[in-house]
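Residues per chain, in single letters:
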Amino acid sequence: MIEILPSLLSADFARLGAHIADVEAAGASMLHFDVMDGHFVPNLTIGTPVLQAIRKITRAHIDVHLMITNPDQFAPIFIEAGADSVSVHQEVCPHLDRTLRMIQSEGALAGVVLNPATPVATLDEVLDLADFVLIMSVNPGFGGQKFLPNSLNKVRQLAEHRDRLGLKFKIEIDGGIGPATAADAVRAGAQWLVAGNSIFGAPDPGAALVALRETAQMGLQQIA
Ligand code: DX5
Ligand code: ZN
């Protein structure tokens, strides 16, 4: 089952409620929420007041991607504010096993994220614990960047590893996903596709979502 997760970072924040309604009407059941701190990445975005506000207007699963240096401090606060899943970067988690267990004990799905320069092998010891792994296909910090093709090798490696070990974690991919890259991402083994600019940069975000889902499903058919 392929899910397209519209990334709210690329939405028009003055019309956030309307944009969420558009993509939900087009069938989005998950939304991606990017939190940046200006330290781990060179940008600042949105926090818990925005999450609480959108939690009231949507039943969709809200996937919070923490691009911050202190996720242990903030993960519980975002879960309290309405996150259904929280992902933390491997690069800032010296106690990743503890962090993932803490997120699960607070009541959310726990994910771990890898930057483009971080190898998949760094996750070997936590793969049986993670609910999902997010492969960054751009360097995090901004929407609208160009897809880095090496991320497909990492998705493939991770999918092979998962199948060999009989594990069940989902593989998410984030950055530069659009009509030209979605099918490749699915063929490599990704199930959750985050898409910002290719959805909210389009004149009709709902229609862009439907078209992207069809393109992604075509990638799935090519595997079968
Ligand atoms: C980038 C964020 C992404 C971003 C994706 O650091 O993590 O979620 O919104 O945007 P696009 O799809 O435009 O690359
Ligand atoms: Zn993200």
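Everything below is about the structure printed above this text.
Residues numbered from 1 in each chain as written. Chains lettered and ligands numbered in written order. Predicted model: local features only at pLDDT ≥ 70, side-chain atom pairs only at ≥ 80, totals over all residues. Heavy atoms only, no water.

(A) Spotlight on the site of ligand 1. Lining the immediate surroundings of ligand 1 are 20 residues, of which S7, D34, G141, G144 and D174 lie closest. Separating an oxygen atom of ligand 1 from a side-chain N or O atom of H65 is a distance of 3.3 Å. A distance of 2.8 Å is found between an oxygen atom of ligand 1 and a backbone nitrogen or oxygen belonging to G176. Burial of ligand 1 by the protein chains amounts to 99% of its free accessible area of 380 Å². Applying the majority rule of atoms within 2 Å of the grid points places ligand 1 in the largest pocket. Secondary structure elements with two or more residues in the shell around ligand 1: β2 (30-36), β3 (61-67) and β8 (192-195). (Near = heavy atom within 4 Å. Polar contact = N/O pair within 3.5 Å; in protein donor to acceptor, adjacent residues only side chain to side chain. Areas by Shrake-Rupley, 256 points an atom, 1.4 Å probe, with all protein chains shown as cover. 1 Å grid on protein atoms, 1.4 Å probe; cavity = no way out; pocket = protein on both sides within 12 Å on 5 of 7 lines; lining within 4 Å. Sits in = over half its atoms within 2 Å of the grid points. Helix = DSSP H or I, 4+ residues; strand = E, 2+ residues; numbered from the N terminus.)

(B) The arrangement of the coordination of the zinc ion (ligand 2) in detail. Here the zinc ion (ligand 2) is held by H32 (NE2), D34 (OD), H65 (ND1) and D174 (OD), and the distances to it run 2.1 to 2.3 Å. Relative to the metal, the 6 donor atoms surrounding the zinc ion (ligand 2) lie at angles of 71 to 171°, and the coordination shape comes out octahedral. In terms of primary sequence, the donors binding the zinc ion (ligand 2) are separated according to H-x1-D-x30-H-x108-D. We note that H32, like D34, is buried. (Donors = N, O, S within 2.8 Å, 3.2 Å for Na, K, Ca; no water. Tetrahedral: all angles 85-135°; square planar, octahedral: opposite > 155°, others 65-115°. Buried < 20%, exposed > 50% of the residue type's maximum accessible area, 1.4 Å probe, protein only.)

(C) The sheet that holds strand β4 (residues 85-89), seen in detail. With respect to topology, 8 strands assemble into an open sheet ordered β1-β8-β7-β6-β5-β4-β3-β2, the strand pairing being parallel. The strands lining the two open edges of the sheet, one partner per strand, are β1 (3-6) and β2. In this sheet, adjacent strand axes meet at a mean angle of 25° when their direction is disregarded. In this structure, strand β7 (residues 170-174) lies alongside β8, joined through 3 bridges in parallel fashion. By the bridge assignment, D174 is partnered in β8 with V194. (Pairing = 2+ DSSP bridges. Axes fitted to C-alpha atoms, helices over the stretch in contact; angles between N-to-C directions.)

(D) Highlighting the environment of G189. Inspection of the secondary structure assignment puts G189 in the loop between α6 (182-188) and β8. A residue is classified by how much of its surface remains accessible, and G189, at 14% relative accessible area, is buried. The spacing of G189 and G219 is 30 residues in sequence and 9.7 Å in space, taken between C-alpha atoms. Excluding residues that lie within four positions of it along the chain, G189 makes contacts with V155, A159, R162 and I171. (Contact = heavy atoms within 4.5 Å.)

(E) How the structure looks around the pattern of salt bridges. Summed over all chains, the structure comprises 4 salt bridges. Here D84 ties to R55 by a salt bridge, and the two come within 2.9 Å at their closest N and O atoms. Taken together, the residues span a long stretch of sequence, with D84 in the loop between α3 (71-80) and β4 and R55 in helix α2 (residues 48-55) at a distance of 29 residues. For D84, a relative accessible area of 28% puts it in the partly exposed group. For R55, a relative accessible area of 23% corresponds to the partly exposed category. Residues R101 and D97 are paired through a salt bridge, measuring 2.7 Å at the closest nitrogen-oxygen approach. A residue pair is termed a helical-turn pair when its members lie 3 or 4 positions apart in one helix, as R101 and D97 do in helix α4 (residues 96-105) at 4 residues. Using a relative accessible area of 46% as the deciding quantity, one classes R101 as partly exposed. The exposure class assigned to D97 is partly exposed, which follows from its relative accessible area of 34%. (Salt bridge = Lys/Arg side-chain N within 4 Å of Asp/Glu carboxyl O.)

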